[in-house]
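Chain by chain, the residues:
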Amino acid sequence: MDFALTEEQTAIFDMALAFGQENIAPYAAEWERQGTIPKELWPELGALGLGGVYVSEDSGGSGLSRLDATLIFEALSHACPSVASFLSIHNMCAKMLDAFGSDDIKARYLTPAISMDTVLSYCLTEPGSGSDLASLQTRAKEDGDDFIINGQKIWTSTAHAADMIFCLVRTEPDAKKHEGISYLIFSMKTPGIEVRPLKTMTGHAEFNEVFFTDVRVPQKDIVAGRGQGWYVANATLKHERGMLGDPNQAGTRLKEIVDLMHEETVDGMRLIDHPVYRDRLMQLQARVFAMQFHGLRLLTATSKKEDPGIARLIVKLQGCELNHQLAALAIDALGEIGVLYGNSPHLRAHGSWQHRYMFDLGLIIGGGTAQIQKNIISERGLGMPREPKPAKA
């Protein structure tokens, strides 16, 4: 089997890499410190065809393969992992729009999404329905040709920056909980929407609460049909969990740590030459390589239109924990400087390692906790008995 990239794939990678190094990398550390990305960046990425990576050419998108998309996100991760992640969220939503949207919905919303004049996001999780998403309580009640939405979502990562949002709501309150759910798309400027930033221990508001109070949305803006939201949500979650454990981000961080350990010293010895630190680095390097090759395994299955099964289920669990452990090594390598945060003049890289260490801990919980991921792997992947439910009082 020939693992070499084609000329077209090499050109795609080089294009994304060059754009990232010129337009993103010089500002990435400051953006990460501020917890924001300039809105003007998105149309520039859209002009390169990166706003509809998965969208079919017939629908006006780039129609690229999963491998092509991986190359793009890997190249941009070299400049700024956060930009690559936000772009991946947008493309995931555009893919759902193309795959499940009606012709009318695609005609109205897909073109501006592809150009990234409209930035897409989604909100699924609620305060009482995190791990058990199907128990969501946000209601969409019929009123003529519209739905009136009332409820609350939480941990929505890009709600503050999105122009349009996908929202999972309950349209059939009397149906079984998995069957009464629908997926709606609507503007974040719709009256009745309130976005409240959630400040985390990083000091930044990377996530949001979103409140819906009598939000009126046309019934024609249902994606995939009424009561079909659970199927779209599952497709969304599969992509999300793969994105959260993206091995390309781990690879980029590993390279940064190697550079850091060449610079930092203990008693005059470079950390890269220190046996204890070098041993920790090599252990993490082996895991990063394993995850990267595992990613190629998943790409191979996708290209053959095969279900990777349990191989897909481990990505989020292993990837998020690995990223946190990489950040922990960097903090230790920085020594006493590693405990600094905020606006200290002694910070290295604007405090990006401290920020990552705290933020990555949250990602082990987000998108399904590590414990939930282990249950999914054991039950769906290994066929083990389901975890017994607590007895009713």
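Along each chain, numbering runs from 1 in the same order as the chain's sequence is written. Totals for whole chains, interfaces and linings use every residue, but because this is a predicted model, local features are given only for residues with pLDDT of at least 70 and side-chain atom pairs only at 80 or more, for both listing and counting. Side-chain metrics rest on all non-hydrogen atoms present in the structure, leaving aside hydrogens and water.

Can you tell me about the nonpolar core, naming the residues and giving the values?
What makes a nonpolar core is a set of buried Ala, Val, Leu, Ile, Met, Phe, Trp, Tyr and Cys residues whose side-chain atoms join them at distances within 4.5 Å. When accessible area is computed with a 1.4 Å probe and restricted to protein chains, residues below 20% of their type maximum are described as buried, those above 50% as exposed, and intermediate ones as partly exposed. Judged by nonpolar contacts, the single largest core of 29 residues is most densely connected at Y122, F166, L168, Y183 and I185. Per the convention used, a helix needs a DSSP run of H or I reaching at least four residues, while a strand needs a run of E reaching at least two, with both numbered from the N terminus. Taken together, the elements giving at least two residues each to this core come down to α5 (81-100), α6 (103-115), β1 (120-123), β4 (164-170), β5 (181-187) and α7 (229-244). Looking at which element gives the most residues to this core, the answer is α5, with 6 residues. Any two residues whose heavy atoms approach within 4.5 Å at even a single point are treated as in contact. Among residues more than four places away in sequence, those in contact with F166 are C93, L97, L120, S121, Y122, C123, Y183, L184, I185 and V223. Within the second largest apolar cluster, 28 residues are counted, among which are Y54, F73, A75 and V119.

Before we move on, could you go through helix α1 (residues 7-23) and cite the residues and values that matter?
Expected helix span is given by 1.5 Å per residue-to-residue step, counting one fewer step than there are residues. Here α1 is 17 residues long and its end C-alpha atoms lie 24 Å apart, about the 24 Å a rise of 1.5 Å per residue gives. Regarding α1, the residues found buried are Q9, I12, F13, A16, F19 and G20. Projected onto a plane normal to the axis of α1, the buried residues spread over an arc of 135° and lie on a single side. Summarising the geometry of α1, the exposed residues directed more than 90 degrees from the buried face are E7 and E22. Buried residues along α1 sit against α2 (25-34), α3 (41-47) and α4 (66-79). Picture the helix axis, draw a direction to every C-beta atom, and the arc is the one those directions span.

Outline the packing of α4 against helix α8 (residues 247-263), listing residues and values.
Only the contacting stretch of a helix is used when fitting its axis, a line to C-alpha atoms as for every element, and angles between N-to-C directions run 0 to 180 degrees. As a packed pair, α4 and α8 sit with axes 9 Å apart at the nearest point and diverge in direction by 30°. As the angle between them shows, α4 and α8 are arranged roughly parallel. Our pair here, α4 against α8, has a crossing hand that is right-handed. Residues T70, E74, S77 and H78 of α4 form the contact with α8, whose own contacting residues are N248, Q249, T252 and K255. The classification used treats Ala, Val, Leu, Ile, Met, Phe, Trp, Tyr, Cys and Pro as nonpolar, Asp, Glu, Lys and Arg as charged, and all other residues, Gly among them, as polar. Within the contact of α4 with α8, the residues separate by chemical class into no nonpolar, 6 polar and 2 charged. Any angle between 65 and 115 degrees counts as roughly perpendicular, while under 35 counts as roughly parallel, over 145 as roughly antiparallel, and the rest as oblique. Two helices crossing with the near one rotated counterclockwise from the far one by less than a right angle form a left-handed crossing, whereas a clockwise rotation gives a right-handed crossing.

An account of the pattern of salt bridges is requested, with residue identities and associated values reported.
Think of it this way: side chains of opposite charge can pair up when their charged atoms draw near. Every case where a carboxyl oxygen of Asp or Glu lies within 4 Å of a side-chain nitrogen of Lys or Arg is listed as a salt bridge. All told, the structure shown has 17 salt bridges when counted by the stated rule. The salt bridge involving D98 is made with K106; its shortest N-O contact spans 3.9 Å. A salt bridge links E126 to K153, with the nearest nitrogen and oxygen atoms 3.0 Å apart. You can see E126 sitting in the loop between β1 and β2 (139-143) and its partner K153 sitting in strand β3 (residues 146-154), a full 27 residues away along the chain. A residue is classified by how much of its surface remains accessible, and E126, at 6% relative accessible area, is buried. The buried category is assigned to K153, whose relative accessible area is 0%. Salt bridges linked by common partners bring D104, R108 and D221 together as one network.

Break down the pairing of β5 for me, with residues and values.
Of all 7 residues that make up β5, 6 are buried, and the element is covered over most of its length. Direction of pairing for β4 relative to β5: antiparallel, over a ladder of 7 bridges. Bridge pairing links V169 to S182 in β5. Pairing of β5 with strand β8 (residues 222-223), which is carried by 2 bridges, proceeds in the antiparallel orientation. When the bridges of β8 are listed, L184 appears paired with I222. Two strands pair under a simple rule: DSSP has to find at least two bridges between them.

Before we move on, can you summarise the side chain of R253 with the specific residues and values?
Checked against the element boundaries, R253 lands in helix α8. Residue R253 is classed as buried on the basis of its relative accessible area of 5%.

Break down the environment of D214 for me, with residues and values.
Tracing the backbone shows D214 in strand β7 (residues 207-218). Put simply, D214 and K141 are 73 residues apart on the chain and 9.5 Å apart in space, counted from C-alpha to C-alpha. Excluding anything up to four places from it in sequence, D214 contacts I148, I149, N150 and P191.

Account for the packing of helix α9 (residues 275-303) against helix α10 (residues 310-333), naming residues and giving values.
At a closest axis distance of 10 Å, the pairing of α9 and α10 adopts a crossing angle of 155°. In this view, α9 runs roughly antiparallel relative to α10, as classed from their interaxial angle. Handedness of the crossing formed by α9 with α10: left-handed.

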